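Take a look at the letters that make up each chain.
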Amino acid sequence: MSSLNQRQSYVLTQGQGIHLSANPIQTEKFSIQKTLRNGGKIRFKIRYSAELQGFCLLEVFLMRAHNRTQTASMTIPNSGSTANVQEQEREFNIWEPGDYYFFFKMSSNTSNNGTFYIEDYQLYWSAS
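Residues numbered from 1 in each chain as written. Predicted model: local features only at pLDDT ≥ 70, side-chain atom pairs only at ≥ 80, totals over all residues. Heavy atoms only, no water.

### Considering the overall build of the protein chain
- From N to C terminus, the protein chain includes one helix and nine strands.
- Reading the secondary structure of the protein chain in the N-to-C direction produces α-β-β-β-β-β-β-β-β-β.
- Counting the 128 residues in the protein chain, one finds 40% classified as buried.
- Counting only carbon and sulfur atoms, one obtains 41% of the accessible surface of the protein chain, whose full area is about 7600 Å². (Helix = DSSP H or I, 4+ residues; strand = E, 2+ residues; numbered from the N terminus. Buried < 20%, exposed > 50% of the residue type's maximum accessible area, 1.4 Å probe, protein only. Areas by Shrake-Rupley, 256 points an atom, 1.4 Å probe, with all protein chains shown as cover.)

Right, here's the structure in full:
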(Lines give C-alpha, C1' and ligand atoms only; values in the text may rest on other atoms or scores of the structure.)
Protein backbone atom coordinates (compact mmCIF):
# COMPACT_ATOMS: atom_id res chain seq x y z
CA MET A 1 0.00 0.00 0.00
CA SER A 2 2.77 2.47 0.81
CA SER A 3 4.38 1.95 -2.61
CA LEU A 4 1.30 3.53 -4.22
CA ASN A 5 1.83 6.72 -2.22
CA GLN A 6 5.52 7.07 -3.09
CA ARG A 7 6.24 9.06 -6.24
CA GLN A 8 9.14 7.73 -8.21
CA SER A 9 11.39 10.53 -9.49
CA TYR A 10 14.72 10.85 -11.22
CA VAL A 11 16.89 14.00 -11.41
CA LEU A 12 17.95 14.68 -15.01
CA THR A 13 20.19 17.65 -14.14
CA GLN A 14 20.58 20.34 -11.48
CA GLY A 15 22.70 23.37 -10.73
CA GLN A 16 23.09 26.32 -8.38
CA GLY A 17 24.71 29.68 -7.75
CA ILE A 18 24.34 31.50 -11.08
CA HIS A 19 24.67 35.32 -11.14
CA LEU A 20 22.90 36.62 -14.23
CA SER A 21 23.08 40.21 -15.47
CA ALA A 22 23.79 41.62 -18.94
CA ASN A 23 25.51 38.52 -20.35
CA PRO A 24 23.60 35.27 -20.91
CA ILE A 25 24.92 32.05 -19.38
CA GLN A 26 25.06 28.61 -20.95
CA THR A 27 25.40 25.51 -18.77
CA GLU A 28 27.51 22.45 -19.49
CA LYS A 29 25.92 19.75 -21.62
CA PHE A 30 24.04 16.97 -19.87
CA SER A 31 22.46 13.78 -21.15
CA ILE A 32 18.76 12.96 -20.88
CA GLN A 33 17.69 9.33 -21.20
CA LYS A 34 14.29 9.41 -19.47
CA THR A 35 11.77 11.27 -21.64
CA LEU A 36 8.01 11.48 -21.99
CA ARG A 37 8.26 8.29 -24.05
CA ASN A 38 8.93 6.59 -20.69
CA GLY A 39 5.60 7.94 -19.38
CA GLY A 40 5.39 10.29 -16.44
CA LYS A 41 6.15 14.02 -16.48
CA ILE A 42 9.25 16.16 -16.81
CA ARG A 43 9.31 19.30 -14.70
CA PHE A 44 11.72 22.22 -14.35
CA LYS A 45 11.98 23.94 -10.97
CA ILE A 46 13.95 27.13 -10.30
CA ARG A 47 14.55 29.19 -7.16
CA TYR A 48 15.84 32.73 -7.68
CA SER A 49 16.13 36.20 -6.19
CA ALA A 50 16.62 39.54 -7.95
CA GLU A 51 17.84 43.10 -7.50
CA LEU A 52 16.34 45.09 -10.37
CA GLN A 53 15.99 48.74 -11.36
CA GLY A 54 13.17 48.24 -13.88
CA PHE A 55 10.96 45.68 -15.56
CA CYS A 56 12.94 42.59 -16.51
CA LEU A 57 12.45 39.01 -17.73
CA LEU A 58 14.35 35.94 -16.61
CA GLU A 59 14.33 33.62 -19.61
CA VAL A 60 15.30 29.94 -19.45
CA PHE A 61 15.79 27.90 -22.61
CA LEU A 62 16.39 24.15 -22.82
CA MET A 63 18.43 23.52 -25.97
CA ARG A 64 19.34 20.36 -27.92
CA ALA A 65 23.13 20.26 -28.05
CA HIS A 66 23.62 18.66 -31.46
CA ASN A 67 21.60 21.19 -33.48
CA ARG A 68 21.16 24.08 -30.99
CA THR A 69 17.37 24.06 -31.27
CA GLN A 70 15.07 25.14 -28.46
CA THR A 71 13.16 22.26 -26.90
CA ALA A 72 11.42 24.07 -24.03
CA SER A 73 11.43 27.48 -22.35
CA MET A 74 10.21 29.40 -19.35
CA THR A 75 9.81 33.19 -18.98
CA ILE A 76 9.55 34.81 -15.55
CA PRO A 77 8.59 38.52 -15.47
CA ASN A 78 9.70 40.75 -12.57
CA SER A 79 9.03 44.38 -11.81
CA GLY A 80 11.76 46.81 -10.87
CA SER A 81 12.45 45.87 -7.28
CA THR A 82 14.24 43.46 -5.03
CA ALA A 83 12.69 40.02 -5.05
CA ASN A 84 13.29 37.68 -2.17
CA VAL A 85 13.81 34.02 -2.99
CA GLN A 86 10.94 32.81 -5.15
CA GLU A 87 10.24 29.46 -6.76
CA GLN A 88 8.67 28.65 -10.12
CA GLU A 89 7.95 25.26 -11.62
CA ARG A 90 6.76 24.23 -15.08
CA GLU A 91 6.30 21.09 -17.15
CA PHE A 92 8.72 20.63 -20.04
CA ASN A 93 7.93 18.41 -23.04
CA ILE A 94 11.04 16.38 -23.80
CA TRP A 95 10.45 13.51 -26.20
CA GLU A 96 13.93 12.70 -27.49
CA PRO A 97 16.86 11.36 -25.47
CA GLY A 98 20.22 13.03 -26.07
CA ASP A 99 22.49 15.85 -24.97
CA TYR A 100 21.00 19.16 -23.85
CA TYR A 101 22.06 22.38 -22.13
CA PHE A 102 20.33 25.33 -20.46
CA PHE A 103 20.66 28.91 -21.66
CA PHE A 104 19.77 31.58 -19.05
CA LYS A 105 19.12 35.13 -20.25
CA MET A 106 17.99 38.40 -18.68
CA SER A 107 15.96 40.67 -20.98
CA SER A 108 15.12 44.31 -20.28
CA ASN A 109 14.67 47.71 -21.94
CA THR A 110 17.98 49.05 -20.62
CA SER A 111 21.52 47.70 -20.69
CA ASN A 112 22.10 47.60 -16.91
CA ASN A 113 18.90 46.64 -15.18
CA GLY A 114 20.23 44.69 -12.22
CA THR A 115 20.92 41.07 -11.38
CA PHE A 116 19.12 37.76 -11.05
CA TYR A 117 20.66 35.22 -8.72
CA ILE A 118 19.63 31.65 -9.48
CA GLU A 119 19.82 29.91 -6.12
CA ASP A 120 19.25 26.49 -7.69
CA TYR A 121 17.44 24.71 -10.49
CA GLN A 122 16.46 21.14 -11.19
CA LEU A 123 15.09 19.25 -14.18
CA TYR A 124 13.47 16.00 -13.12
CA TRP A 125 11.32 13.17 -14.43
CA SER A 126 8.57 11.76 -12.20
CA ALA A 127 6.06 8.97 -12.58
CA SER A 128 2.60 10.38 -13.28
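After that view, the rundown keeps rolling.
### Here's the deal with the pattern of salt bridges
- In this structure the tally under the stated criterion is five salt bridges.
- Where K41 meets E91, a salt bridge forms, and the shortest distance between an N and an O atom there is 3.8 Å. Placement of K41 in strand β4 (residues 41-52) and of E91 in strand β7 (residues 82-91) is noted, with a sequence separation of 50 residues between them.
- In this structure, R43 engages E91 in a salt bridge whose closest nitrogen and oxygen atoms are separated by 3.5 Å. (Salt bridge = Lys/Arg side-chain N within 4 Å of Asp/Glu carboxyl O.)

### Concerning the environment of Q86
- Considering the arrangement of structural elements, one finds Q86 in strand β7.
- In sequence terms Q86 and Y48 are 38 residues apart; their C-alpha atoms lie 5.5 Å from each other.
- Discounting residues that sit within four places of it in the chain, Q86 has contacts with I46, R47, Y48 and N78. (Contact = heavy atoms within 4.5 Å.)

### Describing the side chain of S107
- Looking at the element boundaries, S107 is found in strand β8 (residues 98-108).
- Of the polar contacts made by the side chain of S107, one reaches the side chain of E59; its length is 2.4 Å.
- Contacts of S107, omitting those with residues within four sequence positions, involve C56, L57 and E59. (Polar contact = N/O pair within 3.5 Å; in protein donor to acceptor, adjacent residues only side chain to side chain.)

### Examining the sheet that holds strand β1 (residues 9-20)
- In space, the four strands of this open sheet follow the order β1-β9-β4-β7, with antiparallel pairing throughout. Of all strands in the sheet, those bounded by a partner on one side alone are β1 and β7. Put simply, the sheet's adjacent strands are angled 10° from each other on average, direction ignored.
- Where β4 lies against β7, eight bridges are found, and the strand directions are antiparallel. In the strand pairing of β7, R47 is matched with E87. (Pairing = 2+ DSSP bridges. Axes fitted to C-alpha atoms, helices over the stretch in contact; angles between N-to-C directions.)

### Here we look at the nonpolar core
- Counting residues in hydrophobic clusters, the biggest one holds 31 residues, and the most contacted among them are F44, I46, F92, F102, F104, F116 and L123.
- Counting residues per element, the ones that place at least two in this core are β1, β3 (30-32), β4, β5 (56-64), β6 (70-78), β8 and β9 (114-126).
- Counting residues per element, this core draws most heavily on β4, which supplies six residues.
- Other than its neighbours up to four places away in sequence, F102 contacts T13, I25, Q26, T27, F30, F44, V60, F61, L62, F92, Y121 and L123. (Core = buried A, V, L, I, M, F, W, Y, C linked by side-chain atoms within 4.5 Å.)

Worth remembering: the numbers are spatial, not functional.
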